[in-house]
Protein chains: 2
Amino acid sequence: MTHVALLNTGLPAQLPGHRVLLGTQQPLRLDSGVEIGPFTIAYQTYGRLNADRSNAILICHALTGDQFVIEPHPVTGKPGWWHLAVGPDRPIDTDRFFVICANVLGGCMGTSGPLDENPETGEPYGTGFPVITIADMVRAQVLLLDHLGIEKVFCVLGGSMGGMQVLEFAARYPDRLVAAIPIATATRHSAQNIAFHEVGRQAIMADPEWHGGAYYQQGVRPTKGLSVARMVAHITYLSESALHRKFGRSLQDRMRVSFGFDADFQVESYLRHQGFTFVDRFDANSYLYITRAMDYFDLAVDYDKPLAEIFRSTPVRFCVVSFTGDWLFPTTESRALVLALNAAAAPVSFVDIDSDKGHDAFLLDEPEFHRVLRGFLDGVAEGTGVGKPDAAA
Amino acid sequence: MTHVALLNTGLPAQLPGHRVLLGTQQPLRLDSGVEIGPFTIAYQTYGRLNADRSNAILICHALTGDQFVIEPHPVTGKPGWWHLAVGPDRPIDTDRFFVICANVLGGCMGTSGPLDENPETGEPYGTGFPVITIADMVRAQVLLLDHLGIEKVFCVLGGSMGGMQVLEFAARYPDRLVAAIPIATATRHSAQNIAFHEVGRQAIMADPEWHGGAYYQQGVRPTKGLSVARMVAHITYLSESALHRKFGRSLQDRMRVSFGFDADFQVESYLRHQGFTFVDRFDANSYLYITRAMDYFDLAVDYDKPLAEIFRSTPVRFCVVSFTGDWLFPTTESRALVLALNAAAAPVSFVDIDSDKGHDAFLLDEPEFHRVLRGFLDGVAEGTGVGKPDAAA
């Protein structure tokens, strides 16, 4: 599989950053049974690896995230999605740690996904790309670590879908990480969350410009459907109180309602903007694939045993984080995980951060959350003797 | 305005039930400043009026409800939307009360709305129909009461958007009702609810078959967009726990996931079904108009005074009902209303029904809720000497 085409997506033909061809020796066998390889993983790194290669942190991004954690995004020009948490002297301190973040398998920011050319047809895969699971994403991340010569990462962490990857990583490769921080996540995707994803997928597939997924060839894109999908998802990322505080019923550039279907309310204008801008940086088919991967995630079913059994005598140190105002991945989900980890006698700390910012809180300026991140990482690093990278190296 | 066309909507050309032409003497002036008239109101009645015309109950339906409260729906054949609560010996007892329910202005079940013919153009109105408010809907209901010769109704009640009409009715015409039961509602539509509505509208307007609202003339309908709008709304009508209890992560007619984009999960299949069937009985433009009316609703702003002032020394007896599992119109909204009514020294009782069924609980078999309805109606009827209709009449 050759990564070639970013055609008609609004994405630049050549993205900055690292890219590696994996699965060249032997293909990667996916959960679906399909084998892919070689395939491309696009990734970024921040900071430097120390002498004993023990200071690597793998960040797993969320549904619409990507590998551009700190620097301005190559498409939108906006600061990286986690620049508040990652950087020199930030909670995830790049002076101390070597941070890696890769675009997930099925994504659209340089890693192989549905907009890749299918070598068998010479056309972009579209819906011919194999369906991906969270476990498949993690398999690809592990191959990347192999490529980078990192036997064991210090910590794997991420929020939302990133947290699902953290849990899958810790379950499947317990000897390849010291610590794990699953944030605002769950061990399985809830019925309500599947429902919201299904609405988004239906909105995309209802767009006649989707063309059964083969829109690349037509020189069009299902931007309206993808925009609606983004709008509905965006509501679920915020709390009711955050929406009320940000917008309430304030009108947009007018003193009274228009008695029409323009964006009278600021919240309408904001949502439309979220939809419009999203389509510039995201591929609709990738949206289908990645939401599907989240829906399929159910750790206990995947391992066919109770959660406590999955993590029985795990050496991994867990720090589980939830946010009180998150109704997409509510605290109850994290608590269920913590109970299972406790039952497995796993070393686990659990922090429920008081915040009314909703699911997106993990991306925002939440000082208590940042203190927790820094405290846990620094504490475990000192406890396990992780050295800083050699300043002279 | 002549109600003529139900063309291309899937709705039968001739609906059963009553129909009356109102605004024939003088047109109805809407909040937008536009005057309409004559216009049609389609309605149903159940039970009989008593000798002193004091036993009438006006039921106000919700966003996608209609006037067919008890009997099988003329399009879907399913039982009327409130057959559990209304009927002989039901909580709203049609042996005792004369029940009226009218399709709201802007609707698509016989009352004038966007699928009506615009006499000026000879074409259906589409988005040329004037934008309607909750107050406009209530004005039309009052004209219907005038037509029926009912000076004062015993009770106005309804859930969700129906509850908004109840509040508007009680605020605007305090001398024309004895009691009011606003159920699972709010005195203003929240930012989150506006946001969900906006997603639905964008889904409809993104459908190329919408044709700027002029789809009737094209012989098509934006069924895909309307279906997506219904799907997202439907999620908000249920609680997370109701979705989990009903579906969880159960698969639909299969033992394992398909690794594709079919409806693998029961909740997906259920949602798609909700979308598909809805379009048979509802007009997409009506969906735009009615959601807009809800978004615009803000009692304190409409009256330009605090809620307590609006209801100061009202003679109306209120029974406010909310449901603990309703996150669309949460208990906090009802509590704010009750606080205002208390501050206005209005007679009010408040019941927060323990239910995990979500917003839709008011439509379902909720025995405690039904006991509250029956108890309040019978109690006030006895207290105010409302006689049953004469059995010999």
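Residues numbered from 1 in each chain as written. Chains lettered and ligands numbered in written order. Predicted model: local features only at pLDDT ≥ 70, side-chain atom pairs only at ≥ 80, totals over all residues. Heavy atoms only, no water.

Right, let's get into the relation of the copies chain B and chain A. Taken as rigid bodies, chain B and chain A are interconverted by a rotation of 180° and an axial shift of 0.0 Å, the fit giving an RMSD of 0.0 Å. Overall, the copies show the geometry of a two-fold rotation axis. (Least-squares fit on C-alpha atoms with pLDDT ≥ 70 in both.)

What follows is about the packing of aromatic side chains. Residues and elements named next belong to chain A. Scanning the model with the defined rule gives 36 aromatic pairs over all chains in all. Note on Phe-247 and Tyr-270: the rings are 4.7 Å apart at their centroids and 40° apart in plane angle, and the pair reads as tilted. Pair noted here: Phe-247 is in the loop between helix H5 (240–246) and helix H6 (266–278) and Tyr-270 is in helix H6, with a separation of 23 residues, a long-range link. Among the residues examined, Phe-247 registers a relative accessible area of 9% and is labelled buried. (Phe/Tyr/Trp six-rings, centres within 6.5 Å; stacked < 30°, edge-to-face > 60°. Helix = DSSP H or I, 4+ residues; strand = E, 2+ residues; numbered from the N terminus. Buried < 20%, exposed > 50% of the residue type's maximum accessible area, 1.4 Å probe, protein only.)

Residues and elements named next belong to chain A. Burial of strand S5 (residues 56–59) is two-sided: the residues Ala-56 and Leu-58 facing one way and the residues Ile-57 and Ile-59 facing the other way are all buried. Pairing geometry for S5 and strand S8 (residues 98–102), over four bridges, is parallel. Bridging from a neighbouring strand, Ile-57 pairs with Val-99 of S8. Where S5 lies against strand S11 (residues 153–159), three bridges are found, and the strand directions are parallel. For Leu-58, the partnering residue across the bridge sits in S11 and is Val-156. (Pairing = 2+ DSSP bridges.)

Turning to the interface of chain B and chain A, a few remarks are in order. Size of an interface, as often reported, equals the accessible area lost when the parts are brought together. Taken together, the contact between chain B and chain A spans 53 residues of the former and 53 residues of the latter. Overall, the association of chain B and chain A removes approximately 4700 Å² of surface from exposure, summing both partners, and the carbon and sulfur fraction of that is 70%. The largest share of the area that chain B buries against chain A comes from Arg249(B), Phe259(B) and Phe261(B), three residues that together contribute 18% of it. Across the contact surface, chain B and chain A share 10 salt bridges. Salt-bridge contacts for Asp298(A) lead to Arg249(B); the nearest nitrogen and oxygen are separated by 3.0 Å. Secondary structure elements with two or more residues in the side of chain B that touches chain A: helix H3 (191–206), helix H4 (223–237), helix H5 (240–246), helix H6 (266–281) and helix H7 (284–296) of chain B. In terms of residue count, H3(B) provides more of the side of chain B that touches chain A than any other element does, 12 residues in total. (Contact = heavy atoms within 4.5 Å. Buried area = accessible area lost by both parts, 1.4 Å probe. Salt bridge = Lys/Arg side-chain N within 4 Å of Asp/Glu carboxyl O.)

Bringing the pattern of salt bridges into the picture now. Applying the stated criterion across every chain yields a total of 36 salt bridges over all chains. Here Arg201(A) makes a salt bridge to Glu268(B), at a shortest N to O gap of 2.7 Å. Taken together, the residues Arg201(A) in helix H3 (residues 191–206) and Glu268(B) in helix H6 connect one chain to another. Taken as a pair, Arg201(A) and Glu268(B) share a single burial class, namely buried. The shortest N-O distance in the salt bridge between Arg96(B) and Asp378(B) comes to 3.6 Å. Within this pair, whereas Arg96(B) is found in the loop between strand S7 (92–93) and strand S8 (98–102), its partner Asp378(B) is found in helix H11 (residues 367–383), the two being separated by 282 residues in sequence.

Once that is clear, we can look at the confidence of the model for chain A. Residues and elements named next belong to chain A. In the predicted model, chain A carries a mean pLDDT of 94, and the fraction of residues at 70 or more is 96%. In this model residues 1–8 is a low-confidence stretch, pLDDT under 50, and it forms 34 contacts with partners more than four residues away in sequence or in other chains. Scored as a whole, the predicted complex attains pTM 0.95, and scored at its interfaces, ipTM 0.94. (pLDDT = per-residue confidence, 0-100.)

Turning to the nonpolar core, a few remarks are in order. Core analysis: the largest hydrophobic core is formed by 204 residues, its most contacted members being Ile41(A), Ile100(A), Ile100(B) and Phe169(B). For Ile41(A), the residues in contact, after removing those within four places along its chain, are His18(A), Arg19(A), Val20(A), Leu22(A), Ala102(A), Asn103(A), Leu105(A), Thr111(A), Ala140(A) and Leu144(A). Leu373(A), Phe376(A), Leu377(A) and Val380(A) belong to the second-largest nonpolar core, a separate cluster that totals 36 residues. (Core = buried A, V, L, I, M, F, W, Y, C linked by side-chain atoms within 4.5 Å.)

Moving on, we come to empty space enclosed by the protein. The method is simple in principle: a probe with the dimensions of a water molecule rolls over the atoms, and the space it marks as empty is what remains. Evaluated as defined, the whole model comprises three cavities of 30 Å³ or more. The calculated volume of the largest cavity comes to roughly 100 Å³. Contributing to the lining of the largest cavity are 15 residues, with Ala203(A), Ala206(A), Ala203(B), Ala206(B) and Asp207(B) lying nearest its centre. Of all elements in the fold, only H3 and helix H4 (223–237) of chain A together with H3 and H4 of chain B reach the threshold of two or more residues within the lining of the largest cavity. Considered class by class, the residues forming the lining of the largest cavity number eight nonpolar, three polar and four charged. Of the voids in this model, the second largest cavity is the one considered here, and its volume is about 40 Å³. Per-element accounting of the lining of the second largest cavity gives the leading share, four residues, to helix H1 (residues 134–147) of chain B. The class makeup of the residues in the lining of the second largest cavity is seven nonpolar, two polar and no charged. (1 Å grid on protein atoms, 1.4 Å probe; cavity = no way out; pocket = protein on both sides within 12 Å on 5 of 7 lines; lining within 4 Å. Points joined across faces, edges and corners; volume = space filled by probe spheres on them. Nonpolar A, V, L, I, M, F, W, Y, C, P; charged D, E, K, R; others polar.)

Right, let's talk about H1(B) for a bit. All names here are of chain B. A rise of 1.5 Å per residue sets the reference length of H1, with its 14 residues, at 20 Å; its end C-alpha atoms lie 20 Å apart and thus fit the reference within 8%. Within H1, burial applies to Ile-134, Ala-135, Asp-136, Met-137, Val-138, Arg-139, Ala-140, Gln-141, Val-142, Leu-144 and Leu-145. Residue Gly-149 follows H1 closely and has a positive phi angle near 70°. (Expected span 1.5 Å × (residues − 1).)

Glancing now at the sheet that holds strand S14 (residues 348–353) of chain A. Residues and elements named next belong to chain A. Read across the open sheet, the eight strands follow the order S1-S4-S8-S5-S11-S12-S13-S14; overall the sheet is mixed. For this open sheet the edge positions go to strand S1 (18–22) and S14, each flanked by a neighbour on one side alone. Put simply, the sheet's adjacent strands are angled 20° from each other on average, direction ignored. Most of the contacts of helix H2 (residues 161–172) go to S11, to which it runs at about 145°, and overall it touches S5, S11, strand S12 (177–183) and strand S13 (317–323). Each of S12, S13 and S14 touches helix H10 (residues 331–343); the most contacted strand, S13, lies at about 160° to it. (Axes fitted to C-alpha atoms, helices over the stretch in contact; angles between N-to-C directions.)

Okay, the environment of Leu226(B) next. Residue and element names in this part refer to chain B. Among the secondary structure elements, Leu-226 is positioned in helix H4. Residues Leu-226 and Phe-276, spaced 50 residues apart in sequence, show a C-alpha to C-alpha distance of 8.9 Å. What Leu-226 contacts, discounting residues up to four positions off in sequence, is Ile-204, Phe-278, Val-279, Phe-282, Asp-283, Ala-284 and Tyr-287.

Let us look at the sheet that holds strand S12 (residues 177–183) of chain B. All names here are of chain B. The eight strands are arranged S1-S4-S8-S5-S11-S12-S13-S14 in an open sheet whose pairing can be described as mixed. With partners counted over all chains shown, the strands left at the sheet margins are strand S1 (18–22) and strand S14 (348–353), one partner each. Averaged over neighbouring strand pairs, the angle between their axes works out to 20° when direction is ignored. Pairing between strand S13 (residues 317–323) and S14: six bridges, direction parallel. Bridge pairing in S14 links Phe-323 to Ile-353.

Okay, H7(B) next. Here H7(B) contains 13 residues, and its C-alpha end-to-end distance of 19 Å stays within 8% of the 18 Å for a straight helix at 1.5 Å per residue. Here H7(B) lies mainly inside the structure; 13 of its 13 residues are buried.

On to unusual backbone geometry, then. The step from Gly37(A) to Pro38(A) runs through a cis peptide bond, and the omega angle for that step is -5°. Relative to the helices and strands, Pro38(A) is located in the loop between strand S3 (35–36) and strand S4 (39–46). Not every positive phi belongs to a glycine, and Arg53(A) is a case in point at roughly 55°. Positionally, Arg53(A) belongs in the loop between S4 and S5. What makes Arg53(A) partly exposed here is its relative accessible area of 39%. Despite not being glycine, Ala345(B) has its phi angle at roughly 60°, a positive value. Note on placement: Ala345(B) falls in the loop between helix H10 (331–343) and S14.

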